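A look at the structure
Here is how the chains run, residue by residue.
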Amino acid sequence: AAATPDPPSRSDADEIPSRTYLPTSVEMSCHEDLGVMELADGLLDALAGRSRQAPARVAAWMVLGAVFITSASDEEVAPDEVLRAEMIRSALRTLDHTLS
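Residues numbered from 1 in each chain as written. Predicted model: local features only at pLDDT ≥ 70, side-chain atom pairs only at ≥ 80, totals over all residues. Heavy atoms only, no water.

Regarding the environment of Gly-49
For Gly-49, the position within the fold is in the loop between α2 (36–47) and α3 (54–72). Placed 46 residues apart in sequence, Gly-49 and Leu-95 show a C-alpha to C-alpha distance of 9.3 Å. (Helix = DSSP H or I, 4+ residues; strand = E, 2+ residues; numbered from the N terminus.)

Observations regarding the confidence of the model for the chain
When the pLDDT values of the chain are averaged, the result is 80; 68% of them are 70 or greater. Within the chain, no element has a lower average pLDDT than helix α1 (residues 25–29), which sits at 64, and none a higher one than helix α4 (residues 80–94), at 93. (pLDDT = per-residue confidence, 0-100.)

Considering the packing of α2 against α3
Contact geometry of α2 with α3 gives a least axis separation of 8 Å together with a crossing angle of 120°. Relative to α3, α2 is oriented oblique. Both α2 and α3 take part in a crossing whose hand is right-handed. Between α2, through Leu-43, Leu-44, Asp-45 and Leu-47, and α3, the contact on the second element is made entirely by Arg-57, Ala-60, Trp-61, Val-63 and Leu-64. Class assignment of the residues belonging to the contact of α2 with α3 gives a composition of 7 nonpolar, no polar and 2 charged. (Axes fitted to C-alpha atoms, helices over the stretch in contact; angles between N-to-C directions. Parallel < 35°, antiparallel > 145°, perpendicular 65-115°, else oblique. Left-handed = near helix turned anticlockwise from the far one by under 90°. Contact = heavy atoms within 4.5 Å. Nonpolar A, V, L, I, M, F, W, Y, C, P; charged D, E, K, R; others polar.)

Structural notes on the packing of α3 against α4
Look at α3 against α4: their axes get within 9 Å of each other, and the N-to-C directions meet at 165°. Comparing their axes, α4 and α3 come out roughly antiparallel. Considering the relative orientation of α3 and α4, their crossing is right-handed. Note on element contacts: α4 touches α3 through Leu-83, Met-87, Ala-91 and Thr-94, opposite Ala-59, Met-62, Val-63, Val-67, Thr-70 and Ser-71. Its residues placed into classes, the contact of α3 with α4 shows 7 nonpolar, 3 polar and no charged.

Structural notes on the nonpolar core
Of all hydrophobic cores here, the largest spans 7 residues; its members are Leu-44, Ala-48, Ala-59, Ala-60, Val-63, Ala-91 and Leu-95. No other element matches the 3 residues that α3 contributes to this core. (Core = buried A, V, L, I, M, F, W, Y, C linked by side-chain atoms within 4.5 Å. Buried < 20%, exposed > 50% of the residue type's maximum accessible area, 1.4 Å probe, protein only.)

A short note on the environment of Leu-47
Along the chain, Leu-47 turns up in helix α2. The class for Leu-47 is partly exposed, based on a relative accessible area of 22%. Taking the C-alpha atoms as reference, Leu-47 lies 8.5 Å from Trp-61; in sequence the two are 14 residues apart. In contact with Leu-47, other than residues within four places in its own chain, are Ala-60, Val-63, Leu-64 and Leu-95.

As for the pattern of salt bridges
Under the criterion given, the structure shown has 3 salt bridges. Among the ionic pairs, Asp-45 bridges to Arg-57, the shortest N-O distance being 2.6 Å. Note that Asp-45 is positioned in helix α2 and Arg-57 in helix α3, a separation of 12 residues in sequence. Across the pair Arg-89 and Glu-86 runs a salt bridge whose closest N-O atoms are separated by 2.5 Å. Here the residue Arg-89 and the residue Glu-86 both occupy positions in helix α4, the gap between them amounting to 3 residues, near one helical turn. Overall, Arg-89 belongs to the partly exposed group, its relative accessible area being 38%. In this structure Glu-86 comes out as partly exposed when scored by relative accessible area, which is 36%. Because the salt bridges share partners, they merge into one network encompassing Asp-45, Arg-52 and Arg-57. (Salt bridge = Lys/Arg side-chain N within 4 Å of Asp/Glu carboxyl O.)

Right, here's the structure in full:
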């Protein structure tokens, strides 16, 4: 059998110098010019029903985090229509709401 060639090696020019600062995605998404924090605050208020009570605020934060993590996964958990329905059902349950 023919041997497969080794992949080309990376040259020093391909390497990012260790002194180069690359901002994280969190730092980039929280840049004040983007207004992300204001958007997140508004979304948090909406999910908490504008309540300042801890249970509503904690549930809203849990939903925000869970939606992000579930959506960012590389693994396909379920077909899109099933995933969407389950995310909505789970978010409503976490927020102590029921479907009408």
